[in-house]
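Structural overview for review
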Amino acid sequence: MVFVLLEAALFGITIFVDLVTGLEVTVVPFYVIATAVVTWRHSFAVGILGAMISAAGWTYSEIVDGLYYTSSFAMMVNLGSRFGAFLLVAYGVTVYRQSLAAHRERLRLLEYFVCCCPSCGRLSAARDGWFSPAELFAGGRHPVRYCPECSGQGRK
Ligand SMILES: [Zn+2]
C-alpha cells in the first residue's frame, strides 16, 4: 500500500514540477520514469493507466502554464501522441519484464541439469546418478552441493 502511494506521489510530483518549471523546460523523462515504474511493479494494464496520467498531466500543465491551443483538435493530437509514446514505454517495459521472467524460468530449469556451487558459482559435470523426469521436477530434487574448495575439502 505504501508503494502504491509512493507511485501516485511520483506522478503528482512530476506534474507539480512540470507546472513549476513552465513551458520552456520539459520534464518528459520523469513522466517516462513514472510510467515505467508502475508498469514494472504491476502490469501492462496499470502501465496503460500510467501512460494516460502522464499524457494528461503533461497536457494539463502546459495549458495551465499558458500554452493556448487554437483548436481542440491540435490539443487532442498532442494528447494522443503523448499517450502513444508513453504506451510504447509501458509496452517495452512489459516485454522486457516478461523476457526476464522467461530467462529466469529457463535458468531455474537449467539448475536441475547443471550442478552449480552456491558459494563460488563453479559448475560440476558430475551428477548423483540417474533419475526419472518426475523425480527431476519434484520439489527439492536438486541438492545444494558446494565444490570441494568451498566445502573445505579442496583446501590444503
Ligand atoms: Zn565453490
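Structure's up top.
Below you will find a few notes about this structure. (Residues numbered from 1 in each chain as written. Predicted model: local features only at pLDDT ≥ 70, side-chain atom pairs only at ≥ 80, totals over all residues.)

Here the focus is the packing of helix 1 (residues 2–21) against helix 2 (residues 28–41). At a minimum axis distance of 9 Å, the contact between helix 1 and helix 2 shows a crossing angle of 165°. Put simply, helix 1 runs roughly antiparallel to helix 2. Helix 2 is crossed by helix 1, and the crossing has left-handed handedness. Where helix 1 approaches helix 2, its residues Phe3, Glu7, Leu10, Phe11, Thr14 and Val17 are matched on the opposing element by Phe30, Tyr31, Ala34, Val37, Val38 and Arg41. For the contact of helix 1 with helix 2, a count of residues per class yields nine nonpolar, one polar and two charged. (Axes fitted to C-alpha atoms, helices over the stretch in contact; angles between N-to-C directions. Helix = DSSP H or I, 4+ residues; strand = E, 2+ residues; numbered from the N terminus. Parallel < 35°, antiparallel > 145°, perpendicular 65-115°, else oblique. Left-handed = near helix turned anticlockwise from the far one by under 90°. Contact = placed C-beta atoms within 7 Å. Nonpolar A, V, L, I, M, F, W, Y, C, P; charged D, E, K, R; others polar.)

Below, the discussion takes up the packing of helix 1 against helix 3 (residues 44–64). It is at 9 Å that the axes of helix 1 and helix 3 come closest, and there the two elements cross at 25°. With respect to helix 3, the element helix 1 is oriented roughly parallel. As for the relative orientation of helix 1 and helix 3, their crossing is right-handed in sense. Between helix 1 and helix 3, the contacting residues are Phe11, Thr14, Ile15, Asp18 and Leu19 on the first element and Ile53, Gly57, Trp58, Ser61 and Val64 on the second. Of the residues assigned to the contact of helix 1 with helix 3, the class counts are six nonpolar, three polar and one charged.

Here we take up the nonpolar core. Across soluble globular proteins, nonpolar side chains show a tendency to be buried alongside one another. Within the largest apolar cluster, 16 residues are counted, with the highest numbers of intra-cluster contacts made by Tyr31, Ala51, Phe86, Val89 and Ala90. Of all the secondary-structure elements, those providing two or more residues to this core are helix 1, helix 2, helix 3 and helix 4 (72–113). If near-sequence neighbours (up to four positions away) are discounted, Ala90 is found in contact with Thr35, Thr39, Phe44, Gly47, Ile48, Gly50 and Ala51. (Core = buried A, V, L, I, M, F, W, Y, C linked by C-beta atoms within 7 Å. Buried ≥ 20, exposed ≤ 12 C-beta atoms within 10 Å, placed from the backbone.)

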